[in-house]
Amino acid sequence: MLRTITCLLLALLLGGCSDDSQPSAAERQLLLTGADFGYGEDAGYFGKTTTYWTRTTDLSYDSEPLSGLYLHSTVSLTPSAGEALMASYSSLQGAGIALGLLGEGVTEEEIELTRKLGSHAKLILLRKDGEPVGNMFSVSIGKKILFTVFTGGHYFDSGAEFESFIAPKLAALEAHQYDDPIVGWGKGLFADEDDGEQEVH
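Residues numbered from 1 in each chain as written. Predicted model: local features only at pLDDT ≥ 70, side-chain atom pairs only at ≥ 80, totals over all residues. Heavy atoms only, no water.

On to the pattern of salt bridges. Scanning the model with the defined rule gives 4 salt bridges in all. Residue Glu-27 pairs with Lys-48 through a salt bridge whose shortest N-O separation is 3.0 Å. Of this pair, Glu-27 sits in helix H2 (residues 25–28) while Lys-48 sits in strand E2 (residues 44–51); the two residues are 21 residues apart in sequence, bridging distant segments of the chain. Each member of the pair, Glu-27 as well as Lys-48, carries the same accessibility label: buried. Between Lys-169 and Asp-36 there is a salt bridge, with its nearest N and O atoms 3.6 Å apart. A residue pair is termed long-range when its members are at least 10 positions apart, and Lys-169 in helix H4 (residues 159–175) and Asp-36 in the loop between H2 and E2 qualify at 133 residues. According to the relative accessible area criterion, Lys-169 is buried, its value standing at 10%. (Salt bridge = Lys/Arg side-chain N within 4 Å of Asp/Glu carboxyl O. Helix = DSSP H or I, 4+ residues; strand = E, 2+ residues; numbered from the N terminus. Buried < 20%, exposed > 50% of the residue type's maximum accessible area, 1.4 Å probe, protein only.)

Attention now moves to the nonpolar core. Counting residues in each nonpolar core, the largest one holds 26 residues, and the members touching the most others are Leu-71, Val-75, Phe-137, Phe-150, Phe-162 and Leu-170. Counting only elements with at least two residues in this core, the list comes to strand E3 (56–63), strand E4 (69–77), strand E6 (119–128), strand E7 (131–141), strand E8 (144–152) and H4. Not counting residues within four places of it along the chain, the set of residues in contact with Val-75 comprises Leu-30, Leu-31, Thr-57, Asp-58, Leu-59, Ile-145, Leu-146 and Leu-173. (Core = buried A, V, L, I, M, F, W, Y, C linked by side-chain atoms within 4.5 Å. Contact = heavy atoms within 4.5 Å.)

For the structure on display, the rule yields 8 aromatic pairs. Each ring, one from Phe-156 and one from Phe-165, has its centre 4.9 Å from the other, and the planes form 35°; the classification is tilted. The class for Phe-156 is buried, based on a relative accessible area of 14%. Classification of Phe-165 as partly exposed rests on a relative accessible area of 21%. Every member of this aromatic cluster is reached through a ring pair, and the members are Phe-37, Phe-137, Phe-150, Phe-156, Phe-162 and Phe-165. In this structure, Arg-28 packs its charged tip against the face of Phe-46, placed 4.1 Å from the ring centre. (Phe/Tyr/Trp six-rings, centres within 6.5 Å; stacked < 30°, edge-to-face > 60°. Lys NZ or Arg CZ within 6 Å of the ring centre and 35° of its normal.)

Right, dumping it as structure tokens:
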């Protein structure tokens with residue numbers, strides 16, 4: 001037992017406390033993709049990073065440079081509702097700063113939502129030189145958050161229309177169940193050790 005725990009701690013330290021892989025089919029369904037905007041889902045890149053130190057899993061989708069669409073979508077699975085709420089707030093703030101640095105004349109206008117979607121739900125209309133060019137949206141639901149930013153020929157200036165658009169993703173996110181990364185990895189190590197012991201005997 002002690003040997004396994006020691007190996008786990010060493011693996012965490014030597015492995016940089018993170019692991020990059022591809023999201024499962026169920027995890028991909030949580031993300032906004034090109035398919036939601038009428039493009040092929042394959043016209044983009046999926047990613048999954050599990051950070052064991054923070055016990056957080058981040059799922060992501062980035063579109064290719066398509067005509068009429070730039071899309072970044074992230075879902076974070078955190079260990080607590082408080083951390084999810086903070087991450088939701090920080091994602092909007094960080095993206096707003098980045099957009100301000102990258103493009104002069106980009107302004108943000110908060111669009112009023114007609115119903116409660118979760119904690120700290122905010123829909124932002126992005127304007128370039130006064131013209132609408134896209135949206136940012138962030139929300140936390142329990143221990144999970146969804147953040148997205150998209151620009152180009154797609155935008156929502158109506159809270160009700162966006163709520164209908166995003167509803168399937170939020171329903172999937174609310175229903176999604178996941179394990180603490182540390183617990184999952186620990187179970188795997190213990191299982192490997194048990195299998196080894198059985199082979200010896």
